[in-house]
Amino acid sequence: MNRKNLLLFFRLSRPHFLLGAALLYSLGVGIAHYLGVVLDWGIFFLGLTWVLLVQLSTHYLNEYFDFFADAENYHRTPFSGGSGALGKGKLRREVALRAALICLALAAYFTVFLLRQASNPPIILAYLTLIFLGAFFYSTPPIRLATSGYGELTTAIVVSNLVPSLAFVLQNGELHRLLAMTTFPLILLHLAMMLAFEIPDYAADLKHQKLTLMVRIGWERGMLLHNIFLLSAYVLLGVGMLFGLPLPIAAPAFLTLPLGLIQIRRMRRIAEGAKPHYHALTLLAVAIFGITAYLLAFAFWVR
């Protein structure tokens, strides 16, 4: 493989998305650390490797099955519209499928090690299964959650709740209410982020009848739902504080609220006919979710 193809394969892998998975995984371990659990670094890296392999397989499968729709997307951003690494003069489409199969085979290999070392194999197996099913069938026929209108919710639950919960259970052996208080607001922020990602793809998705949530309910309702998700996330954080989420943990997360309000204003302007700036829109969506998750994880790790 020459240098050009290596760079294209790197772009196909979309490594910046892997940082998000690592962050959410670290959040789960951070909660265990906060509760005084003695961390097992061997199983930490085993679990993280498994999560990253499954996420990579999802990227590759998504690129393979969305190839034709992505090829006609003229508003591609670093976070939406595919990688742009496949096609004429680039990597062949089959490269993505082969890469996905290799990642899935490696993930199966690491599954055996995780279950052998886990203190609670049944619950670990349950989480591994749920994460795999949500990731694998996001783009893969016949289910193709990405085109059902439910893919956004499934992905948000997998990334924002199941991944940190898996990381926590690998260390602690059982669940804790702090997981729900911390991850449920992140699910809403992730849903808002995905709706923002679907705006640049809207025309191509509509043409190829890719029934994302934004396409199913229409762009006007989709933008309104985006704003509701954003505001509800911070309300849910406040409710969590009433039920025992410590103030030093939750308070830093509210630092992203001004960014959320800016994003809501941007969405309203687009809905009113303003020219959308797709790169700024998607980058801000990532920033709101990513910084909030980071602030929560950081707060757990330093206390």
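Not measured: the values here are computed from a predicted model.

Topic: a nonpolar patch on the surface
A contiguous nonpolar surface patch, about 600 Å² in accessible area, is contributed by Phe 184, Val 235, Leu 236, Val 239, Leu 242 and Phe 243. Top contributing element to the nonpolar patch by residue count: helix H11 (residues 219-242), with four residues. Structurally, Phe 243 can be placed in the loop between H11 and helix H12 (247-250).

Re empty space enclosed by the protein
Applying the stated criterion across every chain yields a total of one cavity of 30 Å³ or more. Its volume calculated, the largest cavity comes out at about 40 Å³. Around the largest cavity sit Leu 189, Ala 192, Met 193, His 226, Leu 230, Ala 285, Ile 288 and Phe 289, which together line it. If you list the elements that add at least two residues to the lining of the largest cavity, you get helix H8 (177-198), H11 and helix H14 (278-301). Within the lining of the largest cavity, the residues separate by chemical class into seven nonpolar, one polar and no charged.

Some points on helix H7 (residues 151-172)
The end-to-end C-alpha distance of H7 is 30 Å, a good match for the 32 Å that 22 residues give at a rise of 1.5 Å each. Maximum bend of H7: about 35 degrees, positioned at Val 158. Of all 22 residues in H7, 17 are buried; the element is thus mostly enclosed. One or two residues past the end of H7 sits Gly 173, with phi positive at roughly 90 degrees.

Topic: the packing of aromatic side chains
The final tally for this structure, using the stated rule, is 15 aromatic pairs. Aromatic side chains Trp 41 and Trp 301 sit 6.3 Å apart centroid to centroid with 20 degrees between the ring planes, which places their arrangement in the stacked category. With Trp 41 in helix H3 (residues 41-65) and Trp 301 in helix H14, this residue pair connects regions lying 260 residues apart in the sequence. By relative accessible area, which is 27% here, Trp 301 ends up partly exposed. Summarising the aromatic geometry, the rings of Phe 132 and Phe 136 are spaced 5.3 Å apart at their centres and angled 20 degrees between planes, so their arrangement reads as stacked.

Notes on the layout of surface pockets
Here the largest pocket is characterised by a volume of approximately 1,000 Å³. Forming the walls of the largest pocket are 48 residues, and the residues nearest its centre are Phe 17, His 59, Thr 155, Met 194 and Phe 197. Of all the elements in the fold, those that place two or more residues in the lining of the largest pocket are helix H2 (15-34), H3, helix H4 (67-71), helix H6 (121-136), H7, H8, helix H9 (202-207) and H14. Grouping the amino acids of the lining of the largest pocket by side-chain chemistry returns 22 nonpolar, 17 polar and nine charged.

Points about helix H1 (residues 3-13)
Taken together, the buried positions of H1 are Leu 8, Leu 12 and Ser 13. Considered in projection along H1, the buried side chains sweep an arc of 140 degrees and stay on one side of the axis. More than 90 degrees from the buried face of H1, the exposed residues found are Arg 3 and Phe 10. Next to the buried residues of H1 lie H2, H3 and helix H5 (93-117). N-capping of H1 is provided by Asn 2, with a side-chain oxygen placed 3.2 Å from the backbone N of Lys 4. Phi for Arg 14, located one or two positions after H1, is positive at around 50 degrees.

Brief notes about the packing of H6 against H7
Contact geometry for H6 and H7: axes closest at 10 Å, N-to-C directions at 155 degrees. Classified by the angle their axes make, H6 and H7 are roughly antiparallel. Our pair here, H6 against H7, has a crossing hand that is left-handed. The segment H6 lies against H7, with Ile 123, Ile 124, Tyr 127, Leu 128, Leu 130, Ile 131 and Gly 134 engaging Thr 154, Val 158, Leu 162, Val 163, Ser 165, Leu 166, Val 169 and Leu 170. Residues of the contact of H6 with H7, tallied by class, amount to twelve nonpolar, three polar and no charged.

Definitions and cut-offs
- Residues numbered from 1 in each chain as written.
- Predicted model: local features only at pLDDT ≥ 70, side-chain atom pairs only at ≥ 80, totals over all residues.
- Heavy atoms only, no water.
- Patch = residues over 30% accessible without salt bridge, like charges linked within 9 Å, V, L, I, M, F, W, Y side chains within 5 Å.
- Areas by Shrake-Rupley, 256 points an atom, 1.4 Å probe, with all protein chains shown as cover.
- Salt bridge = Lys/Arg side-chain N within 4 Å of Asp/Glu carboxyl O.
- Helix = DSSP H or I, 4+ residues; strand = E, 2+ residues; numbered from the N terminus.
- 1 Å grid on protein atoms, 1.4 Å probe; cavity = no way out; pocket = protein on both sides within 12 Å on 5 of 7 lines; lining within 4 Å.
- Points joined across faces, edges and corners; volume = space filled by probe spheres on them.
- Nonpolar A, V, L, I, M, F, W, Y, C, P; charged D, E, K, R; others polar.
- Expected span 1.5 Å × (residues − 1).
- Bend = angle between axes of the 7 residues up to and from the residue.
- Buried < 20%, exposed > 50% of the residue type's maximum accessible area, 1.4 Å probe, protein only.
- Phe/Tyr/Trp six-rings, centres within 6.5 Å; stacked < 30°, edge-to-face > 60°.
- Arc of directions from axis to C-beta.
- Contact = heavy atoms within 4.5 Å.
- Polar contact = N/O pair within 3.5 Å; in protein donor to acceptor, adjacent residues only side chain to side chain.
- Axes fitted to C-alpha atoms, helices over the stretch in contact; angles between N-to-C directions.
- Parallel < 35°, antiparallel > 145°, perpendicular 65-115°, else oblique.
- Left-handed = near helix turned anticlockwise from the far one by under 90°.

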